[in-house]
Amino acid sequence: MRPQEILMPQPAGLYCSPGDFYIDPVRPVKRAVITHGHSDHARSGHGAVLATQETLDIMGLRYGESFAGSTQAARYGEKIGFGDVSLTFHPAGHVLGSAQIAVSCKETCIVASGDYKDARDPTCAPFELVPCDVFITEATFGLPVFRHGDAAAEIRKLLASVALFPERAHLVGAYSLGKAQRVIALIRQAGYDAPIYLHGAMEKITRYYETRGIPLGELRPARGMKKADLAGTITLAPPSAVSDIWTRRFPDPVTAFASGWMRVRARARQRGVELPLVISDHADWDGLTATIAATGAGEVWVTHGQEDALVHWCGTRGLAARPLDLVGYGDEEESETPAEGEEA
């Protein structure tokens, strides 16, 4: 069976005809297989959802317990059958519970990576390389300019600034699922043991990470704190909160933003970021190209991101490649805004 007969783009998302399910559909469908809990991949309203337990839990926290008609939890490495199709979930290294979906049908294996990274992250299972015939890769940072470097070095920059300006508060913009918890864990690994403060939008998911055995040290809500008492502290908040009137409750704040986009200085200046931190939960150019090569796939499908450059790179290596042109996916941290009632 040709790969295009197993998985094909449709308006609702990537559809598997032999198994009658969609991967990360952008509109409600009868049966959805979800790679991870970010809102552009995990939506409510599906008839049935198959995902890892962590992803199901995160969807429940975000959308309420009735986010789908029914749910089924998949373990990493477990084989699940849908007619002539079998699925296995493999760690994607993106956020807690994130998975690559290996779709096998009649001796053809297609791996849908969802979002992934090959860099070390103390808050989720590390990326697992899955050999396959066709690899579906994201391309969020699919340009050679994007090389993220060492996240620990970026954290040292943050802590050096905290030490240099003890009279100022440091506000770190970070997406509330995955990025915030990774930044906290990296801060702790760097030896910082003072309380870290959280915007209200960060609390629910961050506390869930702790229930999954991920140590994050002492965390406190920022709301209700006296302005003077926040001098010399670190607070994490959604990126949108770091640029609005919410910041007025902090003494002379240093604004930071943890994102792979901070490699582009113009983006940092545009957002008024004083301390850009190049920390990403997506693979950079080197990570994307190394992963594609290591899968052994003879065909590569590229989706949501800088598709053209990665398709061209594959062509220079003799790999058949094409863009999928799926719509409805984007960079979560660029669009996240606190929900009503999630004030710090």
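For the structure, check the block above.
What counts, and where the lines are drawn
- Residues numbered from 1 in each chain as written.
- Predicted model: local features only at pLDDT ≥ 70, side-chain atom pairs only at ≥ 80, totals over all residues.
- Heavy atoms only, no water.
- Helix = DSSP H or I, 4+ residues; strand = E, 2+ residues; numbered from the N terminus.
- Buried < 20%, exposed > 50% of the residue type's maximum accessible area, 1.4 Å probe, protein only.
- Pairing = 2+ DSSP bridges.
- Phe/Tyr/Trp six-rings, centres within 6.5 Å; stacked < 30°, edge-to-face > 60°.
- Right-handed = clockwise from strand over helix to strand, strands pointing away.
- Axes fitted to C-alpha atoms, helices over the stretch in contact; angles between N-to-C directions.
- Parallel < 35°, antiparallel > 145°, perpendicular 65-115°, else oblique.
- Left-handed = near helix turned anticlockwise from the far one by under 90°.
- Contact = heavy atoms within 4.5 Å.
- Core = buried A, V, L, I, M, F, W, Y, C linked by side-chain atoms within 4.5 Å.

Colleague: How should unusual backbone geometry be read in this particular structure?
Modeller: Negative phi values dominate among residues other than glycine, just as trans dominates among peptide bonds. Despite not being glycine, Asp20 shows a phi value in the positive range, around 55 degrees. Here Asp20 shows up in the loop between strand S2 (13-16) and strand S3 (21-23). A relative accessible area of 28% means that Asp20 is categorised as partly exposed. Phi is positive for Asp24, which is not a glycine, with a value near 50 degrees. The topology assignment puts Asp24 in the loop between S3 and strand S4 (31-33).

Colleague: Explain the pairing of strand S11 (residues 134-139) here, please?
Modeller: When a strand is regular, its side chains alternate between the sheet's two faces. Judged by how many residues are buried, S11 sits mostly within the fold: six of six residues are covered. Neither face of S11 is left uncovered, since the one carrying Val134, Ile136 and Glu138 and the one carrying Phe135, Thr137 and Ala139 both have all their residues buried. The pairing of S11 with strand S18 (residues 299-305) spans six bridges and is parallel. Each bridged residue has a counterpart across the sheet, and for Ala139 the counterpart in S18 is Gly305.

Colleague: Explain the packing of aromatic side chains here, please?
Modeller: Between two aromatic rings, the relevant description is the distance of the centres plus the angle of the planes. In total, this model carries eight aromatic pairs according to the counting rule given. Plain terms: the ring middles of Phe21 and Phe82 are 5.4 Å apart, the flat faces sit at 45 degrees to each other, and that makes the pair tilted. Placement of Phe21 in strand S3 and of Phe82 in strand S7 (residues 79-82) is noted, with a sequence separation of 61 residues between them. Each member of the pair Phe21 and Phe82 is classed as buried. Ring plane angle 70 degrees and centroid distance 4.9 Å describe the contact between Phe141 and Phe146, whose orientation is recorded as edge-to-face. With a relative accessible area of 1%, Phe141 lands in the buried category. Given a relative accessible area of 4%, Phe146 falls into the buried group.

Colleague: Please explain the pairing of strand S19 (residues 320-323) as it appears in this structure.
Modeller: In the sheet, S18 pairs with S19 via four bridges, with the strands oriented parallel. Residue pairing for S19: Val300 is matched across the bridge by Ala321. This β-α-β element, S18 to helix H8 (residues 307-316) to S19, shows right-handed connectivity.

Colleague: Whenever I open this one, the packing of helix H4 (residues 179-189) against helix H5 (residues 200-211) confuses me. Can you help?
Modeller: In helix packing, the relevant descriptors are the interaxial angle and the interaxial distance, both defined with respect to the helix axes. Across the interface, H4 lies against H5 with an axial gap of 10 Å and an inter-helix angle of 60 degrees. Put simply, H4 runs oblique to H5. As H4 runs across H5, the sense of the crossing is right-handed. Side by side, H4 and H5 meet where Ala180, Gln181 and Ile184 of the first sit next to Met202, Ile205, Thr206 and Tyr209 of the second.

Colleague: Help me understand helix H2 (residues 53-63), please; the structure alone is not making it clear to me.
Modeller: Since the α-helix turns once every 3.6 residues, residues separated by three or four places project in the same direction. Those residues of H2 not exposed but buried are Glu54, Thr55, Leu56, Ile58, Met59 and Gly60. Lining the buried residues of H2 we find strand S5 (46-51), strand S6 (68-73) and H5. Following H2 by one or two positions, Gly64 has its phi on the positive side, about 95 degrees.

Colleague: Before we go on, may I ask you to explain the nonpolar core in this structure?
Modeller: Leu158, Val172, Ile187, Tyr209, Ile234, Leu236 and Leu277 are the most contacted members of the largest nonpolar core, which has 36 residues in total. Those elements giving two or more residues to this core turn out to be helix H3 (151-164), H4, strand S13 (196-198), H5, strand S15 (234-237), strand S16 (254-258) and strand S17 (275-277). With six residues, H4 is the largest single contributor of residues to this core. Apart from the residues lying within four places of it in its own chain, the contact partners of Leu277 are Glu154, Leu158, Val172, Ala256, Phe257, Ala258, Ser259 and Met262.

Colleague: Can you walk me through the packing of helix H7 (residues 285-295) against H8 in this structure?
Modeller: Contact geometry of H7 with H8 gives a least axis separation of 11 Å together with a crossing angle of 40 degrees. Taken as axis vectors, H7 and H8 run oblique relative to one another. Both H7 and H8 take part in a crossing whose hand is right-handed. Here Trp285, Leu288, Thr289 and Ile292 of H7 lie close against H8, whose contacting residues are Ala309, Leu310, Trp313 and Cys314.

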